[in-house]
Every structure is written in C-alpha cells, then in structure tokens.
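# Remarks on the overall topology
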Amino acid sequence: MGRLTEAAAAGGGAWAARSAGSPRDLLPLSSASPGCAATMASSEDDGANGGASEASDDREATRKRRRLGFLATAWLTFYDIAMTAGWLVLAIAMVRFYMEKGTHRGLYKSIQKTLKFFQTFALLEIVHCLIGIVPTSVLVTGVQVSSRIFMVWLITHSIKPIQNEESVVLFLVAWTMTEITRYSFYTFSLLDHLPYFIKWARYNFFIILYPVGVAGELLTIYAALPYVKKTGMFSIRLPNKYNVSFDYYYFLLITMASYIPLFPQLYFHMLRQRRKVLHGEVIVEKDD
Ligand SMILES: CCCCCCCCCCCCC/C=C/C(=O)SCCNC(=O)CCNC(=O)[C@H](O)C(C)(C)COP(=O)(O)OP(=O)(O)OC[C@H]1O[C@@H](n2cnc3c(N)ncnc32)[C@H](O)[C@@H]1OP(=O)(O)O
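Residues numbered from 1 in each chain as written. Predicted model: local features only at pLDDT ≥ 70, side-chain atom pairs only at ≥ 80, totals over all residues. Heavy atoms only, no water.

## So, the environment of Ser-158
With respect to the helices, strands and loops of the structure, Ser-158 is situated in the loop between α6 (138-157) and α7 (166-190). Setting aside residues no more than four positions away along its own chain, Ser-158 makes contact with Trp-153, Met-233 and Phe-234. (Helix = DSSP H or I, 4+ residues; strand = E, 2+ residues; numbered from the N terminus. Contact = heavy atoms within 4.5 Å.)

Here's what the structure looks like:
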C-alpha cells in the first residue's frame, strides 16, 4: 500500500488530488508537476519482495502522518474507531435479533436508531475529502455516501411498509460487513499496524458485497414504488403558488436508472484500488 503516494511524495507534491471527478487513485498530483502522462504499470511487488515492501510501507505511513498533521490524524483515528465500533454494534444487534426471533421481520425497527446515527455521521467523509484530510475523490465519496443517506432517510425511514422486506436485510448485511472492514482498515492503517487479512478483506469483500448491497437497495426502492404512487408522498402537484411540480415516484425511477451508469464506476474504482493496493500496480493519470 502507498506506492503511489510515495511516488507523489518523491515528486515533492501534495498527498493527492481531491477534486470532484478526479478519482484519487488515479491522481498522484504534485505541485511541482501538475500534470503527467497517463500510464498504468504493474510493479514488481506482488508479494515476492515482502520485507522490503513492509519497510517501505512503514516509511510511507510515517511520512503520511507527518503530512497529515497531528490534529487531523487524531480526529480521523477517533472517527474511524467510533465508526468501526458503531457498525460492530449494529452487526451484533442484527445477529442477536435474528437468533432470538428467528425472523427478519422487525429487524430494521430494532436497529434503526443506530443505523441512522452512524450512517448520517458518515456525511463527515465528504467533509474530510473537501478539507483535504483524506486523499479520496469528493465525487466518489459523495455518490457513495449520498446514496446511503437517501436509502436510510428517504426510503427505509419514510416508507414504513417496506421496512420488513428481505431486500432491506440484504443491503443492511452488505453495508455492515463493508463498513466494519473499511473502518478497521483505516484505523489500523493510521495506527501503523494493519494486519494483512484486514487489507485483504477491504479489497476483496466488496467484489461480492457491492453487487449484493446494490441489489438490496434497488429491490427496496422497487418495493416502495406502489406505495409512493398510491400516496403521492413527497410530491408537489400543480397548481400551486410557486408553479412547480415534483413527482417522487418518477424521481425514484430516475434514481434507479442512475445506478446503471454510476454503480459500474464505483465498482471499477474499487477494482483499480484493489490492483493498486494488493498487487502494487501504479496508476497515474494526466490531469487536464
Ligand atoms: C440523492 C440521491 C442520490 C442517489 C444516487 C444513486 C446512484 C448510486 C449508484 C451507486 C450506489 C452505491 C451504493 C452502495 C452500496 C454499498 O455500499 S453496498 C456494500 C459494499 N460497498 C462497498 O464495498 C463500498 C466500497 N466503496 C468504497 O469504499 C468507496 O468507494 C469509498 C468509500 C468512496 C472509498 O473510496 P477510495 O477512494 O477507494 O478510498 P480508500 O482507498 O478507502 O481510501 C483512500 C485513501 O484515503 C485514506 N482514507 C480514506 N478515508 C479515511 C479515513 N476515514 N481515515 C483514514 N484514512 C482514510 C485511506 O487510508 C487511503 O489512503 P492511502 O492508503 O494513502 O491510499
């Protein structure tokens, strides 16, 4: 991990670009070299050079923390520990609920407060990107977090009849497993003690969990459609004094359709991250 960052540091530049539309894995921007040719190369480090690679990772982690600053590191460590704990609490609550009741009915209701709190807290990830304390793309993080917020507040919270759908369990399980792995990955990385299995899990679990989560989300929105159509919820009909109309039903159809172009981008972004982090590929893209 961190080869690309190292390259950026060697070039004397900033941690990484964070602008919208610029996935950070592709953008080792340097103030000294604002643009560089697009290249993709596979490094020699596929595990064969393990010791040297670990030492280089350690050096990189130290360099990264120095660049990040004490306050930002302390805040991120606190944030990541809190989020890992929050999602662990959710996982335990879900397992306990299922073992006690033997059904998924009522599961959402029993965990909704914790889910809403921690998923809403994740809005801070967009802030982290915006203020530059994490080298992640605002666009990628924004799509990821806003689709979750949308699912939690505007779908599952607002449309009670769908709360017991199996599809809700599908995305809850996918989100929970993902977030426990992701936040513990960040925490251990910041603490310089990243066990390989967490790194492996972070960059492998998503291969299954992402499609499962997205399927759960889409099926849940689909299940909500008849209710939304029948009640006209969140819709604004004409005539009204502002002369605007909004139909939540069609908004949901458009949202579902937007998964078609957006989800593959997130998925391929993660596949690129996987190649970079687990297989040491260096991916550099021209920034103009
Ligand atoms: C209004 C309605 C809108 C609707 C929109 C609808 C369209 C939606 C379409 C798509 C919907 C997707 C829905 C999602 C479903 C699910 O989540 S299902 C469950 C499976 N999900 C996943 O597996 C998610 C995987 N995705 C990601 O992890 C995201 O892409 C990400 C969160 C944005 C991560 O981005 P990425 O750029 O890959 O970041 P990382 O490699 O993890 O980190 C980059 C570097 O930054 C450091 N860092 C980041 N955050 C922190 C932190 N909190 N603390 C410390 N450090 C952090 C990280 O360590 C990396 O540093 P380096 O090691 O130096 O590279």
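## Some points on the site of the ligand
Contacts to the ligand come from 37 residues, most closely from Asp-80, Arg-148, Tyr-186, Arg-202 and Gln-273. Between the ligand and Arg-148, the relevant distance is 2.8 Å, taken from an oxygen atom to a side-chain nitrogen or oxygen of the residue. In isolation the ligand has 1400 Å² of accessible area, and contact with the protein removes 93% of it. When residues of the shell around the ligand are traced back to their parent elements, those giving at least two are α3 (70-101), α6, α7, α9 (205-231) and α10 (248-279). By residue number, the principal contributor to the shell around the ligand is α10, which donates nine residues. Its residues assigned to classes, the shell around the ligand shows 18 nonpolar, 11 polar and eight charged. (Near = heavy atom within 4 Å. Polar contact = N/O pair within 3.5 Å; in protein donor to acceptor, adjacent residues only side chain to side chain. Areas by Shrake-Rupley, 256 points an atom, 1.4 Å probe, with all protein chains shown as cover. Nonpolar A, V, L, I, M, F, W, Y, C, P; charged D, E, K, R; others polar.)

## Points about the side chain of Gln-119
In this structure, Gln-119 sits in helix α4 (residues 107-121). Classification of Gln-119 by relative accessible area gives buried; the value is 1%. Discounting residues that sit within four places of it in the chain, Gln-119 has contacts with Trp-87, Arg-148, Ile-149, Val-152 and Trp-175. (Buried < 20%, exposed > 50% of the residue type's maximum accessible area, 1.4 Å probe, protein only.)

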